[in-house]
Amino acid sequence: LGWKHTTQASSSSVFPNNPTMSAVVTHLDISQLPSLKDGMSAEEEATKRRKTCRFIEEAGRVLKLPRVAISTAMVFFHRFYAKHSFDQHDRFEVAVAAIVLAAKTEESPKKLNSVIVQCHDLKTRGMQAGRVKGSKPVPPPPSSLDPKGEEFSKLKERILLMERVILHTIGFELSIDHPYKFFVDQIKKLTQTRQLVYKKPPGNLNPTQTYQKMMNELVQYSMSFANDSMHTSLCLQFSPQQIATACVYLAGQFAKVDAPENSSWSKVLGEPDIESLASICVQILDLIDPRKTGGDLDNFKKIRTQLEVLKRTKKGSTRSPPPPPPPPPSEPPAKRPKTG
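All values reported here derive from a predicted model rather than from experimental measurement.

Thresholds, definitions, all that
- Residues numbered from 1 in each chain as written.
- Predicted model: local features only at pLDDT ≥ 70, side-chain atom pairs only at ≥ 80, totals over all residues.
- Heavy atoms only, no water.
- Core = buried A, V, L, I, M, F, W, Y, C linked by side-chain atoms within 4.5 Å.
- Buried < 20%, exposed > 50% of the residue type's maximum accessible area, 1.4 Å probe, protein only.
- Contact = heavy atoms within 4.5 Å.
- Salt bridge = Lys/Arg side-chain N within 4 Å of Asp/Glu carboxyl O.
- Helix = DSSP H or I, 4+ residues; strand = E, 2+ residues; numbered from the N terminus.
- Disulfide = S-S within 2.5 Å.
- Axes fitted to C-alpha atoms, helices over the stretch in contact; angles between N-to-C directions.
- Parallel < 35°, antiparallel > 145°, perpendicular 65-115°, else oblique.
- Left-handed = near helix turned anticlockwise from the far one by under 90°.
- Nonpolar A, V, L, I, M, F, W, Y, C, P; charged D, E, K, R; others polar.

Novice: Honestly, the nonpolar core in this entry has me stumped. Any pointers?
Specialist: Within the largest apolar cluster, 91 residues are counted, with the highest numbers of intra-cluster contacts made by Ile-56, Ile-99 and Ile-166. Those residues in contact with Ile-99 that lie beyond four places of it in its chain are Ile-56, Ala-59, Leu-63, Leu-65, Ala-73, Val-115 and Cys-119.

Novice: Honestly, the pattern of salt bridges in this entry has me stumped. Any pointers?
Specialist: Per the stated rule, a full pass over the model turns up nine salt bridges. Across the pair Arg-49 and Glu-45 runs a salt bridge, and its minimum N-O distance is 2.8 Å. Separated by four residues within a single helix, Arg-49 and Glu-45 lie in helix α3 (residues 42-62), roughly one turn from each other. A residue is classified by how much of its surface remains accessible, and Arg-49, at 1% relative accessible area, is buried. The closest approach of N and O atoms between Lys-104 and Glu-163, which form a salt bridge, is 2.8 Å.

Novice: What is the right way to read the side chain of Thr-245 from this model?
Specialist: Within the secondary structure, Thr-245 is located in helix α11 (residues 240-254). With relative accessibility at 11%, the residue Thr-245 sits in the buried group. In this view, Thr-245 contacts Gln-186, Leu-269, Pro-272 and Leu-277; residues no more than four positions away in its chain are not counted.

Novice: Honestly, the state of the cysteines in this entry has me stumped. Any pointers?
Specialist: Think of a disulfide as a covalent bridge from one cysteine sulfur atom to another cysteine sulfur atom. Under the defined criterion, the tally for this structure stands at zero disulfides. Cys-281 carries a free sulfur, and the closest cysteine sulfur to it, the one in Cys-247, is 7.9 Å from it. A relative accessible area of 0% places Cys-281 in the buried class.

Novice: What's the story with the packing of α3 against helix α4 (residues 67-80) in this structure? I'm lost.
Specialist: A pair of packed helices is captured by two measures, namely the crossing angle of their axes and the spacing between those axes. Between α3 and α4, whose axes approach to 10 Å, the crossing angle comes to 150 degrees. What the angle tells us is that α3 and α4 run roughly antiparallel. Note on packing geometry: the crossing formed by α3 with α4 is right-handed. In this structure, α3 uses Arg-49, Thr-52, Cys-53, Ile-56, Glu-57, Gly-60 and Arg-61 to contact α4, whose residues at the interface are Arg-67, Ile-70, Ala-73, Met-74, Phe-77 and His-78. In terms of residue class, the contact of α3 with α4 is built from six nonpolar, three polar and four charged.

So this is what it looks like as structure tokens:
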């Protein structure tokens, strides 16, 4: 888990056989990820992504990077390991190089020396915290990396090389679309046209105030779910628009918002692919432990049940309305109305 490495790679030994991406990676079959082909379990592969993304998240906070730069760094990281195995490259060095590259891409550049020192300190503090939780004796905290020392110089060389390897791996595709702008636009449209309603309308608010409250809540929840999604390989499997739609759906469930009686979530969301919607939602929910976040476990189970209903009906409402009464015997049966 440390910053040590086994071999010193050179650009001449890396680039000739370096797999690249000629297009943006989406709709990837995650069963074909290189680490899985090398024998790593899917659970371990997902755990390495999640832990390293938490590192990127915290490093971005320490470095005071904007949210979009942090998310871009995670996308670069995920795309890199869509083409490389975790056994081939130190994932934390890849993470630091991704942070450096993302900061430049999103016009928030940071001095390389500062990034390396801050990330190294963050990593060693994390290792120290891990030792505290264990049963082994706790060694003294490691000293900060000396920018004038040999270890720093070698690490800096590896980070600079890794930045180039990432660039080649992602095919120099630096323009990243995130779900944020898509769900903000979608929520504005849904609230302004009043296509959603509270299950229990808040009291003492007029309609304008009610929908303003709804919009704020939906954006906040969607932002949280979108940030959580960055810790998974969802950006490799689905487009940012699909992820944004799933975030809006989950936000509606947590904000106690629903489609009107004469509509359905499928219709409100623009008739998305239900299988994709359910897959994204389940992967995000799997990442969130309600016991740790103070969430309602029953609510999580309820949402999962509603997703199963959506998958079964393909194009239907999350509600289960009672069937209409049968027609009188003297009348022919009414035609079944089309749904969705």
